[in-house]
Amino acid sequence: MIKNIIFDAYGTLISTDTGSVDATKAIFSKYDLAEDADEIYKKWKKIHRENIFSLEEFITEEEIFVKDLEKMFELYGITGDPKTAIKPMLDSLVDRKLFEETESVIDKLSENYIIAIGSTTDTAPLLHNIEGTSLERINPIFTSEILRCYKPNVKFYSEILHRTKWKAEECLFVGDSLDDDVIGPMKEGMAVVLIDRKKQYASVPEGAKRIKSLTELCGIIND
């Protein structure tokens, strides 16, 4: 039986909307580039992921974003200071809102389960984004900055279990990334639910459940 539910944050509880693309546009609009902000951001996302996977020692996500922009400037032949130019992207990280159904679902689930957050993010932006909402009451909260590693490194999930003393078979991990929130926690023996709002995944691994909205979650736990 599930006793503990660990939620990813961004794309799961908190909408990223167009913030990252808007920030990309703010950074690159001053340069005469043929590609629009959407195409530039697709390359940025790929570089960001590669930078996370290539880490030999932990650095914060803010530091990774600076490294990302260094590589983006190199890619487009831009001369500039990434540490200064990154500001619109960092600002976008603290200007995000909860999905409409998030608070009501979390409030309902909190009646019967221990709720936690496990998110690839620095801690300060996440705490800012849930400030003034019912998510402020969630405890424990784990970020990549707290755990000193990033999803889908198995240490991310095993460290949550170690710190909470929870049993994997009593935990459900809920998130919007197939690699980070499904395959990763499944390796630790957790139950998983993929929230696939945009129907971007053709299939999910055997044993995983898929929903289109958080409102569906209450009806499928422990089924």
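Above this text you will find the structure in question.
Residues numbered from 1 in each chain as written. Predicted model: local features only at pLDDT ≥ 70, side-chain atom pairs only at ≥ 80, totals over all residues. Heavy atoms only, no water.

Trainee: Got a minute to help me understand the overall build of the protein in this structure?
Mentor: Along its length, the protein carries 10 helices and eight strands. Classification of the 223 residues of the protein by burial places 51% in the buried group. Carbon together with sulfur atoms contributes 48% to the accessible area of the protein, which is approximately 11600 Å² in total. Computing the positive centroid from 29 side-chain charges and the negative centroid from 41, the protein places the two 2 Å apart. (Helix = DSSP H or I, 4+ residues; strand = E, 2+ residues; numbered from the N terminus. Buried < 20%, exposed > 50% of the residue type's maximum accessible area, 1.4 Å probe, protein only. Areas by Shrake-Rupley, 256 points an atom, 1.4 Å probe, with all protein chains shown as cover. Lys, Arg positive; Asp, Glu negative; His and termini not counted. Charge placed at Lys NZ, Arg CZ, Asp CG, Glu CD.)

Trainee: Could you clarify how one ought to interpret the nonpolar core in this entry?
Mentor: As a rule of thumb, nonpolar side chains are buried together in soluble globular proteins. Of all hydrophobic cores here, the largest spans 28 residues; its most connected members are Ile5, Phe7, Leu109 and Leu217. Going through the elements one at a time, β1 (4-7), α6 (102-109), β4 (114-119), α7 (123-130), β6 (171-175) and β7 (191-195) are the ones with two or more residues in this core. Among the elements that take part in this core, α6 stands out by supplying three residues, more than any other. Beyond its immediate sequence surroundings of up to four residues, Leu217 is in contact with Phe7, Leu109, Leu172, Val174, Val193 and Ile211. Among the nonpolar cores identified, the runner-up in size contains 19 residues, and Ala116, Leu147, Tyr157 and Leu161 belong to it. (Core = buried A, V, L, I, M, F, W, Y, C linked by side-chain atoms within 4.5 Å. Contact = heavy atoms within 4.5 Å.)

Trainee: Help me out: how do you make sense of the sheet that holds β6 in this one?
Mentor: In sheet architecture, strand pairing relies on hydrogen bonds along the backbone and comes in two forms, parallel and antiparallel. One open sheet accounts for six strands, arranged β5-β4-β1-β6-β7-β8; its pairing is parallel. This sheet does not close on itself; its edge strands, each paired only once, are β5 (141-143) and β8 (209-211). Here the strands of the sheet are splayed against their neighbours by 20 degrees on average, with no regard to which way each runs. With four bridges joining them, β1 and β4 adopt parallel strand pairing. Its bridge partner lying in β4, Phe7 is registered against Ile117. Where α7 meets the sheet, its contacts fall on β4 and β5, and the angle it forms with β5 comes to roughly 140 degrees. (Pairing = 2+ DSSP bridges. Axes fitted to C-alpha atoms, helices over the stretch in contact; angles between N-to-C directions.)

Trainee: Honestly, α7 in this entry has me stumped. Any pointers?
Mentor: Residue pairs three or four apart in sequence face the same way in an α-helix, which turns once every 3.6 residues. All of the buried residues along α7 are Thr123, Pro125, Leu126, Asn129 and Ile130. Gly132 sits one or two residues past α7 and shows a positive phi near 80 degrees.

Trainee: I keep staring at the packing of helix α2 (residues 37-53) against helix α3 (residues 61-76) and nothing clicks. Help me out?
Mentor: Working note: a packed helix pair is described by the angle between its axes plus the distance between those axes. Where α2 meets α3, the axes come as close as 9 Å, and the angle between the chain directions of the two elements is 125 degrees. When the axes of α2 and α3 are compared, the pair comes out oblique. Like other packed secondary-structure pairs, α2 and α3 cross with a definite hand, here right-handed. Of α3, the residues touching α2 (which contributes Ile40, Lys43, Trp44, Ile47, His48, Asn51 and Ile52) are Glu61, Ile64, Phe65, Lys67, Asp68, Leu69, Lys71, Met72, Leu75 and Tyr76. Across the contact of α2 with α3, the residue classes tally to 10 nonpolar, two polar and five charged. (Parallel < 35°, antiparallel > 145°, perpendicular 65-115°, else oblique. Left-handed = near helix turned anticlockwise from the far one by under 90°. Nonpolar A, V, L, I, M, F, W, Y, C, P; charged D, E, K, R; others polar.)

Trainee: What am I meant to see in the pairing of β6 here?
Mentor: Two faces, one strand: in a regular strand the side chains alternate between the faces of the sheet. The element β6 is extensively covered by neighbouring structure, given that five of its five residues are classed as buried. With four bridges connecting them, β1 and β6 associate as parallel partners. Paired with Asn4 across the bridge in β6 is Cys171. As judged from the four bridges shared by β6 and β7, these two strands associate in the parallel manner. When the bridges of β7 are listed, Leu172 appears paired with Ala191.

Trainee: Which parts of the structure should I look at to understand the pairing of β7?
Mentor: By the criterion of burial, β7 is predominantly enclosed, with four of the five residues buried. Two strands pair when backbone bridges link them, and β7 and β8 are joined in this way by three bridges, in the parallel orientation. Paired with Ile195 across the strands is Ile211, a residue of β8.

Trainee: Sorry, what's going on with the packing of aromatic side chains here?
Mentor: Aromatic rings considered in pairs are described by the distance between their centres and by the relative angle of their planes. The tally for this structure, following the rule as stated, stands at eight aromatic pairs. Between the aromatic rings of Phe58 and Tyr150, the centroid separation amounts to 5.2 Å while the plane-to-plane angle is 20 degrees, which identifies the pairing as stacked. Here Phe58 is found in the loop between α2 and α3, whereas its partner Tyr150 is found in the loop between α8 (144-147) and α9 (154-164), with 92 residues between them in sequence. Taken as a pair, Phe58 and Tyr150 share a single burial class, namely buried. Measuring from ring centre to ring centre gives 5.5 Å for Phe156 and Tyr157, while their planes differ by 65 degrees; the resulting arrangement is edge-to-face. Both residues of the pair, Phe156 and Tyr157, belong to the buried class. (Phe/Tyr/Trp six-rings, centres within 6.5 Å; stacked < 30°, edge-to-face > 60°.)

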